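The primary structure of each chain is shown beneath.
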Amino acid sequence: QIAERISEMPLVQEAFVINGEWDILLKVRAVSTREVGEFVFEQIREIPGVDKTLTFESFYSTKEAGAIFLTSEAGK
């Protein structure tokens, strides 16, 4: 439910439910680092059930792919 709620937020470009130490991985786009910080502190951390966050900033992208289509061996 938390991941679905966060997925609907305008700054969130991609959201993944993952395993390991963290539960959700987000790709967020904003016009400034300040806007990302405000988003994290004022929106994400205010959601009941969100205990902590870890934020990284990307300096630039070397590749961003669109949709890809995969086939599995079982699908043949």
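Preceding this section is the structure that the text describes.
Residues numbered from 1 in each chain as written. Predicted model: local features only at pLDDT ≥ 70, side-chain atom pairs only at ≥ 80, totals over all residues. Heavy atoms only, no water.

**With respect to the overall build of the chain**
Right, so step 1: Assigned secondary structure in the chain consists of 2 helices and 2 strands.
Right, so step 2: Of the regular secondary structure in the chain, the N- to C-terminal order runs α-β-β-α.
Right, so step 3: At 15 Å, the chain has a C-alpha radius of gyration far larger than the 11 Å of a compact globule built from 76 residues.
Right, so step 4: Projecting the C-alpha coordinates of the chain onto the three principal axes gives extents of approximately 50 × 30 × 25 Å.
Right, so step 5: The buried share of the chain, taken over its 76 residues, is 14%.
Right, so step 6: The long-range fraction of contacts in the chain, counting pairs at least 24 apart against all pairs at least 6 apart in sequence, stands at 37%.
Right, so step 7: Side chains of the chain give 8 positive and 13 negative charges; the mean places of these two sets differ by 5 Å. (Helix = DSSP H or I, 4+ residues; strand = E, 2+ residues; numbered from the N terminus. Rg over C-alpha atoms; globule rule 2.2 N^0.38 Å. Buried < 20%, exposed > 50% of the residue type's maximum accessible area, 1.4 Å probe, protein only. Contact = heavy atoms within 4.5 Å. Lys, Arg positive; Asp, Glu negative; His and termini not counted. Charge placed at Lys NZ, Arg CZ, Asp CG, Glu CD.)

**Examining the pattern of salt bridges**
Right, so step 1: Counted under the stated rule, the structure contains 4 salt bridges.
Right, so step 2: With a shortest N-O distance of 3.0 Å, Lys27 and Glu64 are connected by a salt bridge. Here Glu64 lies in the segment after helix 2 (33-44) and Lys27 lies in strand 2 (residues 24-28), a separation of 37 residues in the sequence.
Right, so step 3: Among the ionic pairs, Arg29 bridges to Glu64, the shortest N-O distance being 2.5 Å. Linking Arg29 in the loop between strand 2 and helix 2 with Glu64 in the segment after helix 2, this pair joins segments that are 35 residues apart in sequence.
Right, so step 4: On the basis of relative accessible area, Arg29 is assigned to the partly exposed category, the value being 39%.
Right, so step 5: Ionic contacts of the salt-bridge type, sharing partners, join the residues Glu14, Lys27, Arg29 and Glu64 into one network. (Salt bridge = Lys/Arg side-chain N within 4 Å of Asp/Glu carboxyl O.)

**Description of a nonpolar patch on the surface**
Right, so step 1: A surface patch of nonpolar side chains, about 260 Å² in accessible area, is lined by Phe16, Ile18 and Leu25.
Right, so step 2: For Phe16, the location among the structural elements is in strand 1 (residues 12-17). (Patch = residues over 30% accessible without salt bridge, like charges linked within 9 Å, V, L, I, M, F, W, Y side chains within 5 Å. Areas by Shrake-Rupley, 256 points an atom, 1.4 Å probe, with all protein chains shown as cover.)

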